[in-house]
Amino acid sequence: MIINNVQLILKDEVVKGSLSVQQGVIQAFSDTGSQLPQAIDGEGGWLMPGMVELHTDNLDKFFTPRPKVDWPAHSAMSSHDALMISSGITTVLDAIGVGDVRDGGHRMENLAKMLQAIRYSNRHGLNRADHLVHLRCELPHDSTLGLFEQLKTLEELALVSLMDHSPGQRQYVSLEKYRDYFQGKYGLSEAQMIAFEHEQLALAERWSQPNRLAIAALCRAQGIPVASHDDATEAHVDESHAVGSVIAEFPTTLEAATASRQRAMKVLMGAPNIVRGGSHSGNVAAAELAAHGLLDILSSDYYPASQLDAAFRIAFAEDNPYDLPAAVALVTRNPAQAIGLEDRGVVAEGKRADLLLVKAHRQHVHVQRVWAQGRAVY
């Protein structure tokens, strides 16, 4: 396969030319066009690596499209995969909550539905994207460690994050924001909300630290990358670094992001934060971290199309040091390398031919075509 007449987004530069693929890997690229008639005409669009997504809970939305509605697993997985590919995401870590009582993460049968769908569709070649697993371990629950011990040997497990969403700290320093979110999501009355807050604080006091230490130790023993989550202070970052975290997911302050970078942790922020112009929780804006050069990875989080959109917004903004190759690396090379996937995330000879052709229309970037290991999938 030859893709011609494209702007190749390489590691450090953008070059107009062509690229050839053989047996699923990039064979060569050139700063000249191909004269072969079978070459695919990219019509001057950008050709970049397929995107790598480390943290999306999008799969949940297809398994439970409405409260108390369980959707058939094969249909849910197929729809989720199609959305990932059409958004330009060729490697996705499906984030599955462990220990989240209200969302069913305290029961193995609930978790097993999604995990089995991922494994079955992978093994039977039904997916177009490469699906791996990210276990989001909610630390303040008595079920979390036991469930993780059952799941730690999953072949697809590529990342574990350690989370504590109890009120009054980290993501929810503002109790008003905490109440807005949980009352809106679960329809809790004022009395129910107060009882829920007290329950979460008691659980955090009992379980957060023991679970953090135990799960991190198991991950270190098996070589599983660990991410912190919603660190707000330098003390939080020290705690995360001490247990071996290599990624700082969604630090909520400039202080925490700076401390994470100083400790060689990759700073991951939400792409929707860039697109919307700020955090929906009232925390530090991803654009502010970009302005300080503190942004390493973008995740689509809850909105898959945001990943590509955010990368190009950063590339063409005037208030940060990221040019187009550096901005594209936020959604390709950097997340791949952070979890040890050295075979993808860059347009280079010998790398996986996970490729994405995009074009701009009225300052918005659109996905035109997608290839996964050289196979046209969109």
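Everything numeric here is computed off the predicted structure, so don't read it as measured data. (Residues numbered from 1 in each chain as written. Predicted model: local features only at pLDDT ≥ 70, side-chain atom pairs only at ≥ 80, totals over all residues. Heavy atoms only, no water.)

Considering the packing of aromatic side chains
Enumeration over the complete set of coordinates arrives at three aromatic pairs. Ring centres of Trp46 and Phe316 lie 6.2 Å apart, and the angle between their planes is 40°; this geometry places the pair in the tilted category. Taken together, the residues span a long stretch of sequence, with Trp46 in strand 5 (residues 46-49) and Phe316 in helix 11 (residues 306-316) at a distance of 270 residues. Residue classification places Trp46 among the buried positions, given a relative accessible area of 14%. According to the relative accessible area criterion, Phe316 is exposed, its value standing at 53%. Directly above the ring of Trp207 sits Arg206, whose terminal nitrogen or CZ lies 3.9 Å from the centroid. (Phe/Tyr/Trp six-rings, centres within 6.5 Å; stacked < 30°, edge-to-face > 60°. Helix = DSSP H or I, 4+ residues; strand = E, 2+ residues; numbered from the N terminus. Buried < 20%, exposed > 50% of the residue type's maximum accessible area, 1.4 Å probe, protein only. Lys NZ or Arg CZ within 6 Å of the ring centre and 35° of its normal.)

As for the packing of helix 4 (residues 144-151) against helix 6 (residues 190-222)
Between two packed helices, what matters for the description is the angle formed by their axes and the separation of those axes. Direction vectors running N to C along helix 4 and helix 6 enclose 10°, while the axes themselves pass 10 Å from each other. What the angle tells us is that helix 4 and helix 6 run roughly parallel. Together, Thr144, Leu145, Phe148 and Glu149 of helix 4 and Asn211, Ala214, Ile215, Leu218 and Cys219 of helix 6 make up the contact between the two elements. By residue class, the composition of the contact of helix 4 with helix 6 is six nonpolar, two polar and one charged. (Axes fitted to C-alpha atoms, helices over the stretch in contact; angles between N-to-C directions. Parallel < 35°, antiparallel > 145°, perpendicular 65-115°, else oblique. Contact = heavy atoms within 4.5 Å. Nonpolar A, V, L, I, M, F, W, Y, C, P; charged D, E, K, R; others polar.)

Regarding helix 8 (residues 254-262)
All of the buried residues in helix 8 are Ala256, Ala257, Ala259 and Ser260. All buried residues of helix 8 project into a common sector of 165° when viewed along the axis, lining one side. Buried residues in helix 8 make contact with helix 7 (234-242), strand 11 (247-249), strand 12 (266-270) and helix 10 (286-291). Looking one or two residues past helix 8, Ala264 carries a phi angle of roughly 65°, positive in sign. (Arc of directions from axis to C-beta.)

Re the sheet that holds strand 10 (residues 226-229)
One open sheet holds the eight strands; their spatial order is 6-7-8-9-10-11-12-13, and the pairing between them is parallel. Each edge of the open sheet carries a strand with a single partner, namely strand 6 (51-56) and strand 13 (297-299). When strand polarity is set aside, the average angle formed by the axes of neighbouring strands in this sheet is 25°. Across three bridges, the pairing between strand 10 and strand 11 is parallel. In the sheet register, Ala227 faces strand 11, and the bridge partner there is Ile247. Lying on the sheet, helix 3 (residues 108-123) is in contact with strand 7 (89-98) and strand 8 (130-138); it crosses strand 7 at an angle near 155°. Running at roughly 155° to strand 8, helix 4 makes contact with strand 7, strand 8 and strand 9 (157-163) of the sheet. (Pairing = 2+ DSSP bridges.)

Comments concerning the domain arrangement of the chain
One can read the domain layout of the chain as domain 1 (1-49 + 345-377) and domain 2 (51-343). Taking only C-alpha atoms into account, the centre of domain 1 sits 30 Å from that of domain 2. Between domain 1 and domain 2, the contact holds 23 residues from the first and 22 residues from the second. For the domain 1 and domain 2 pair, buried surface summed over both sides reaches about 1,900 Å², with 67% attributable to carbon and sulfur atoms. (Domains from an automatic or database assignment. Buried area = accessible area lost by both parts, 1.4 Å probe.)

Observations concerning helix 11
Among the 11 residues of helix 11, nine are classified as buried, and the element is accordingly described as predominantly covered. For helix 11, the complete set of buried residues consists of Ser306, Gln307, Leu308, Asp309, Ala310, Ala311, Phe312, Ile314 and Ala315.

So, the pairing of strand 5
Taken residue by residue, a regular strand's side chains alternate between the two faces of the sheet. Across two bridges, the pairing between strand 1 (residues 2-9) and strand 5 is parallel. Directly across from Gln7, in strand 5, lies its bridge partner Trp46. Where strand 5 and strand 14 (residues 355-361) come together, four bridges link them in antiparallel fashion. If you follow Trp46 over to strand 14, its bridge partner there is Val358.

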